[in-house]
Amino acid sequence: STQMAAQYLQEMRRPYYIVPSTFIEYIDTFTKMCRSEGSKDRFSNGLSILSEATSLVTVMQDELLALGPQIEEKSKEIEILMGKLKEDSQAVEQVRAIVKIEEDMMVQETRIVHEYAEVRVYTKPPELVLTVMHAVCILLQQRPDWTTAKQLLGDPGFLKRLVTLDKDSLPEKVFLKLRRYSKCPDFNPAKVGMVSIACRSMCLWVLALEHYHEVYKVQFDCCVPLVLQKEILPYSLEDRYDASVSERQELGRRKERTTNRVQRAASLISALSNEKDRWEKAVCDLDNKLQHIVGDVMVSSAFITYCGPLTADYRKAMVKKWLDFCHNMEIPVSPQYTFTSAMTEKNQVRHWQNTGLPPDQNSTENALIVKNGPHWPLLIDPQGQATRWISSMEGVRLRKMLASDPNYMKTVERAIRMGDTVLIQDVLENIDPCLQPILIKNLTIRDGQSFIKIGDTEIEYNPNFRYIYSFN
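- Per an unreviewed UniProt entry, the chain goes by the name Dynein heavy chain ATP-binding dynein motor region domain-containing protein and belongs to Oncorhynchus mykiss.

See below:
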């Protein structure tokens, strides 16, 4: 590079200075470019996401296929439960009708007992009379003997006890004891009536109570779910029905959500199908580039650091020397290496050209140096082409001014704080010393914030700030 600088001065009459710090700048540029080589990871991540989305669509489609039969099965289960609920409702109404009939019979028989309650009791009762009275004692939860029976019959409130007996609260053991008497072959109203009319009525009363208890037990065990089951049975038929309806509704919601997700994912995959092909090609191209990444970055970093002031012929000569060096040192480098192809894509160059960059190779290389160089660029722009391109690229963030403007430093300070781009035009050979800290990027960092001192003023430094100066 030093020999090339001397030759450049001799042939072009332009001084070109290469100092030891220039090599440090080259190392910094090389390191920065190596860290920025993350394109393959981005494309690979995109392909991984597409592949994952495709797999998820398959999973969700399988889930949809499984949800259909589940919903149909739940619908059938609900129909069965509805049928059972209807049957049980009918059974409850039938049992209630039977209970009402039995209660009416009990009331009627109690009246008969009232009519015959004053019949003189026996001193030594017949066997059937004694059996009936023992049964009455059992129901009244008294000792089943004749002495107790006579005391009950002599009680003025005997009839009231029979009428107001809380038949629903009698314990099961009472009816177990009652069966000893009620199941006797002769314990029926017809035979008892042949011995005593009053005892016949009480026999009817006993049998009615026993029948009522059996019916009540059936209603409680089988049909009461519609009346009491919610309090005593946590998993009643109604609960199962409600749970099945809720589960079918949830399955329906899941099906709807999954269908929507499948449709959105399928639309996304369809929309990105072309991108997938492009990304796969990009990954393949980047794999090829990575095989030569070391040599390409070495040469490109040297181009950015050393070739800025050189003309096109000198740049080609420098690149040829560096490529020869890489080949001699067996450093892998792209067979068809060019600075432009190594640093950017064709669509990016096309975009720059659409925004005002001249279409020649030298202008494209200069644009890459401006974008990637370690220093703020000085543009020699006699035709104003670079100015038009930068103005189009930066847009409203660009602050343009002349070097002769007495207040340009205030604009520069404001741009440093806000992160804008400054273009100072028509600079002279001697630059204002106040700009020295900006040109060399003399920054200090405190508590994670960058500062720059301009004159006696220290201001916050926004990393988005860019500084460009030019002369015609």
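Moving on from the model shown.
### A closer look at the sheet that holds strand β7 (residues 466-471)
Part 1: Within the open sheet, the 4 strands sit side by side as β1-β7-β3-β2. Their pairing is parallel. Among the strands making up the open sheet, the edge pair consists of β1 (378-380) and β2 (398-402). In this sheet, neighbouring strand axes are inclined to one another by 20 degrees on average, regardless of whether the strands run parallel or antiparallel.
Part 2: Here 4 bridges tie strand β3 (residues 421-425) to β7, and the two strands are oriented parallel to one another.

### Considering the packing of aromatic side chains
Part 1: Tallying each qualifying case throughout the model produces 8 aromatic pairs.
Part 2: For the pair Tyr8 and Tyr314, a centre-to-centre distance of 4.9 Å together with 85 degrees between the ring planes defines the contact as edge-to-face. Taken together, the positions of Tyr8 in helix α1 (residues 2-12) and Tyr314 in helix α14 (residues 312-328) put the pair 306 residues apart, joining distant regions of the chain. Both residues of the pair, Tyr8 and Tyr314, belong to the buried class.
Part 3: Judged by centre distance (5.9 Å) and plane angle (75 degrees), the ring pair of Tyr461 and Phe465 falls under edge-to-face. Neither residue differs from the other here; Tyr461 and Phe465 are each classed as buried.
Part 4: Members of the aromatic cluster, joined through ring pairs, are Phe23, Tyr26, Tyr306 and Trp322.

### Considering the environment of Phe325
Part 1: Position of Phe325 among the secondary structure elements: in helix α14.
Part 2: Among the residues examined, Phe325 registers a relative accessible area of 44% and is labelled partly exposed.
Part 3: For the pair Phe325 and Val299, spaced 26 residues apart in sequence, the C-alpha separation works out to 9.8 Å.

### A look at the environment of Ser334
Part 1: Checked against the element boundaries, Ser334 lands in the loop between α14 and α15 (339-343).
Part 2: Under the relative-accessibility criterion, Ser334 is labelled buried at 18%.
Part 3: Residues Ser334 and Val294, spaced 40 residues apart in sequence, show a C-alpha to C-alpha distance of 9.7 Å.
Part 4: Of the polar contacts made by the side chain of Ser334, one reaches the side chain of Asp296; its length is 2.5 Å.

### Comments concerning the confidence of the model for the chain
Detail in the predicted coordinates should be disregarded across regions flagged by low pLDDT.
Part 1: Counting all residues, the mean pLDDT for the chain is 78, and 74% of those residues have values of 70 or more.
Part 2: Predicted confidence in the chain is weakest over helix α10 (residues 229-232), with a mean pLDDT of 39, and strongest over α14, with 92.
Part 3: For the stretch residues 222-235, pLDDT sits under 50, and the model shows 20 contacts to residues farther than four places along the chain or on other chains.

### Quick notes on the pattern of salt bridges
Between side chains of opposite charge, a pair can form as their charged atoms come close.
Part 1: On inspection of all chains with the given rule, the structure shows 7 salt bridges.
Part 2: A salt bridge links Asp420 to Arg399; the nearest nitrogen and oxygen atoms lie 3.2 Å apart. With Asp420 in the loop between α19 (408-418) and β3 and Arg399 in strand β2, this residue pair connects regions lying 21 residues apart in the sequence.
Part 3: Two residues, Glu458 and Arg446, come together in a salt bridge whose shortest N-O distance is 2.9 Å. Of this pair, Glu458 sits in strand β6 (residues 457-460) while Arg446 sits in strand β4 (residues 443-446); the two residues are 12 residues apart in sequence, bridging distant segments of the chain.

### Concerning unusual backbone geometry
Part 1: With a phi angle near 55 degrees, Glu330 is a residue other than glycine that sits in the positive phi range.
Part 2: With respect to the helices, strands and loops of the structure, Glu330 is situated in the loop between α14 and α15.
Part 3: Accessibility expressed as a relative area gives 72% for Glu330, which makes it exposed.
Part 4: In this structure, Asp426 takes a positive phi of about 60 degrees despite not being glycine.
Part 5: Within the fold, Asp426 resides in the loop between β3 and α20 (436-439).

Definitions and limits used
- Residues numbered from 1 in each chain as written.
- Predicted model: local features only at pLDDT ≥ 70, side-chain atom pairs only at ≥ 80, totals over all residues.
- Heavy atoms only, no water.
- Pairing = 2+ DSSP bridges.
- Helix = DSSP H or I, 4+ residues; strand = E, 2+ residues; numbered from the N terminus.
- Axes fitted to C-alpha atoms, helices over the stretch in contact; angles between N-to-C directions.
- Phe/Tyr/Trp six-rings, centres within 6.5 Å; stacked < 30°, edge-to-face > 60°.
- Buried < 20%, exposed > 50% of the residue type's maximum accessible area, 1.4 Å probe, protein only.
- Polar contact = N/O pair within 3.5 Å; in protein donor to acceptor, adjacent residues only side chain to side chain.
- pLDDT = per-residue confidence, 0-100.
- Contact = heavy atoms within 4.5 Å.
- Salt bridge = Lys/Arg side-chain N within 4 Å of Asp/Glu carboxyl O.

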